[in-house]
Each structure stands twice: as C-alpha cells, then as structure tokens.
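Examination of the molecular architecture
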Amino acid sequence: MREIQFREALREALSEEMRKNENIFLMGEEVAQYNGAYKVSQGMLDEFGDKRVIDTPIAELGFAGIGVGAAMNGLLPVVEFMTFNFSLVAIDQIINGAAKILSMSGGQFSCPIVFRGPTGNAGQLGAQHSQNFENWYANCPGLKVVVPSTPYNAKGLLKQAILDPDPVIFMESEVMYGDKGDVPEGEYYLELGKANIVKEGTDVTIVTFGKMLTRVVNPAAEELAKEGINVEVIDLLTVRPIDYATIINSVKKTNRLVIVEEAWPLASLSSEITFNVQKHAFDHLDAPILRINCADVPLPYAPTLIAASLPNAERVVKAVKEVMYVNK
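Predicted, not measured: the structure shown is a model, and the values here were computed from it. (Residues numbered from 1 in each chain as written. Predicted model: local features only at pLDDT ≥ 70, side-chain atom pairs only at ≥ 80, totals over all residues. Heavy atoms only, no water.)

1. Re the sheet that holds strand S5 (residues 114–119)
Definition in use: Strand pairing is assigned whenever DSSP identifies at least 2 bridges connecting the two strands. Only DSSP runs of H or I with at least four residues qualify as helices, and only runs of E with at least two residues qualify as strands; both kinds are numbered from the N terminus onward. To obtain an axis, a line is fitted to C-alpha atoms, over the contacting stretch when the element is a helix, and the angle between two such axes runs from 0 to 180 degrees between their N-to-C directions. In what follows, a contact means two residues having at least one pair of non-hydrogen atoms within 4.5 Å.
Taken in spatial order, the seven strands of this open sheet run S3-S2-S4-S5-S7-S6-S12, and their pairing is mixed. Of all strands in the sheet, those with a lone pairing partner are strand S3 (53–55) and strand S12 (238–240), marking the two edges. With strand direction ignored, the average angle separating the axes of adjacent strands in the sheet is 20°. When strand S2 (residues 24–28) meets strand S4 (residues 76–80), the two strands line up parallel, connected through five bridges. Within the sheet, the bridge partner assigned to Gly-28 lies in S4 and is Glu-80. Relative to the sheet, helix H1 (residues 6–20) contacts S2, S3, S4, S5 and strand S7 (168–173), its axis offset from that of S2 by approximately 135°.

This is the structure we're talking about:
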C-alpha cells in the first residue's frame, strides 16, 4: 500500500486503462495543456498526445455530444466537466442521448462513456457553482451514477466505470482532490453498485456517500463512540444502482437509520432510501428514519450562512441521539 492523493488515484485509473486500450480518450476544458483544472490529468498530454487528451472549447453541449457519438461508434470517451454545475448545459446529450440510445436503437448502439468531474460545494463559490445533482442523474434509467469517497475507491471505481458498457456519471467531491489515502500497488477494480460498510456497529445505521463520509459522518461517529454509542456507517459509493440489500440488512441489525446527503431535501436520494427501507424493513424499525440534507435554498455566499446550510457532524450526532431517544 502507498498513500496518494485523490487526484493521483483518478490519474492512475485513467492512465492505466488508456495504456491498455487506444480507444479510450479524455476530453474537456483545460485537460491537456493546463494539466486539468484540478490537475487530475497532469502529465497525460505528454504521455498520450493531443489525439487522446483533448482540450475543448467552453462548449459542454458540443463536446458531450461528440463524446456520445464517439461512444456509439466504438470508442471509449471520458468526458470531464470542470464542474457538474456546467453539465446542465450538456444535460440533453446525457439524458436524451447517452442514457436512451441503447433502448431507442433496439440494442443496435451502446454508449460506453464516462462523464466525470467535481460535484458539491467547495466554499464561497456562489450558488451556481455549489450544487449536488447526484439525485437528478440517478433518476434517469440508462445511467449509472458513482460518487467515490476515498482515493482507494476512486481509482477502483473509475477503472470499472471506463470498462462499463453503459454511460456512467462519475462525480468527485470538489474539496477532496487533495485528500490522501492508502491505495494498493498495481491494478484493481471495484464493482459498481456495491456499498461499503466503513464501520460496523450495533446501535444506529448511518448511510452516506461522497465527501459527507469523511467530512461529516466519520467525525460524528468518533464523537458518538466517546459517549458509548456504536453506529454502523455505510458508504453507498454508487447511487444508481443503490445497494439496498446492504442497507436493509444493516437496519435489521440496528433497528434505526439516519441518512446524510449533501443535497436539497425534496426528491432526494435520502427520500428514496427512506421509502425502500420502510417498505422492506418496517417491522425492524424502532424509530422514524431521519435524514440530514442541506438547507432548501440556493447555497449562500456568506461563510456563516454556508455553515448553517450544510450537513455537519453536530447535526448527525443530534439525529442519532434522537432516533435512540437519548437526551430528549
């Protein structure tokens, strides 16, 4: 094992697969000459050349469409959005193109493409650059949606996503590119659609994904442990498909559930998980399911209002105690 940054893990995944298959290419704004806005593609232009690491104009709809057409014709594009906020410009190509072409062509055309880039808030970047659209894309049949949380699973999941026959939305929490973590030597792949039990516990199940794991849930779990409360933490990793079996089996053990998601509450992934757990594990619940989302407003600019809007460890600790009927 060695410790590397999140961005390095993504770079290794891309480079390893591109070395094995010349049909794989990367394109997006500033991915080549500038080495990537977040330095994920640093050095890749020198290794693979400008036919496979391609700088695009600021035209997401255009280069997303080029990617979809290339995938339909046998190539394996990886399309980088400088932020998934900008993917809204290209959403017609993703939803009405990539996600539907296999069905609408009667199986004649597949679309093996990866759309990747940063998601979520990263501080004072304004409401238009601080959004979470994981639930939007997860709502669309034909797509797979991956949100890694560590360098280890970022590398293994991206390698698998590149080889997947379906279009994959690969969303990387924007503040995590400099995070360090242990990654094995050599190549490995992680199955899409399989959640990870980060911490086993007996009292309450906490379900989360992306940077909420490291920034919010893990600190909350440590604080709760000091008070003798043993939570089980599940990292979804893939939010379409969702690994409901792992969640439900955990709830049958702990009898309580808290969901932490950095997104607006209405029609969120936490809403969908809540429905499925109450449908399949209702008799095992000893308390109502609680969820923690960001405030139902565009993210403010003022740091104090940002802090008030986002999920935090204190809110998780309070929710866990509430479902345990502690300090009420």
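Once the structure has been displayed, the description carries forward.
2. Here's the deal with the nonpolar core
Rules: Grouping buried Ala, Val, Leu, Ile, Met, Phe, Trp, Tyr and Cys residues that are joined through side-chain atoms within 4.5 Å yields what is termed a nonpolar core. Partly exposed residues are those whose accessible area sits between 20% and 50% of the maximum for their type, while under 20% is buried and over 50% is exposed, using a 1.4 Å probe and protein chains only.
Residues Phe-81, Phe-115, Tyr-137, Ile-169, Ile-273 and Val-277 are the most contacted members of the largest nonpolar core, which totals 46 residues. Of all elements in the fold, only S2, helix H3 (60–72), helix H4 (91–98), helix H6 (134–138), S7, helix H9 (244–254), strand S13 (257–260) and helix H10 (269–281) reach the threshold of two or more residues within this core. Residue contributions to this core peak at five residues, all from H3.

3. Focus on the pairing of strand S10 (residues 204–208)
The cut-off we apply is this: When the strands point away from the viewer and the connection leading from the first strand across the helix to the second strand turns clockwise, the crossover is called right-handed.
For S10, the tally of buried residues reaches five of five residues, placing the bulk of the element in the interior. Residues Val-204, Ile-206 and Thr-208 line one face of S10 and the alternating positions Thr-205 and Val-207 line the opposite face, and both faces are buried. Chirality of the crossover, the property in question, places the unit of S10, helix H8 (residues 211–226) and strand S11 (residues 231–235) among those that are right-handed.

4. A look at the side chain of Asn-135
Note on placement: Asn-135 falls in helix H6. Not counting residues up to four positions away in its chain, the partners in contact with Asn-135 are Glu-261, Leu-266, Ala-267, Ser-268 and Leu-269.

5. A short note on the sheet that holds S13
Ordered in space as S9-S11-S10-S13-S14, the five strands form an open sheet in which the pairing is mixed. In this open sheet, the two edge strands, each paired with only one partner strand, are strand S9 (196–199) and strand S14 (290–292). Strand-to-strand twist across the sheet, computed as the mean angle between neighbouring axes with direction ignored, equals 25°. Lying on the sheet, H10 is in contact with S10, S13 and S14; it crosses S13 at an angle near 160°.

6. Regarding unusual backbone geometry
Omega for the peptide link from Arg-240 to Pro-241 comes to -5°, which places this bond in the cis form. Mapped onto the fold, Pro-241 is located in the loop between S12 and H9. Here Tyr-325, not a glycine, exhibits a phi torsion of approximately 60°, which is positive. Relative to the assigned elements, Tyr-325 resides in the segment after helix H12 (313–323).

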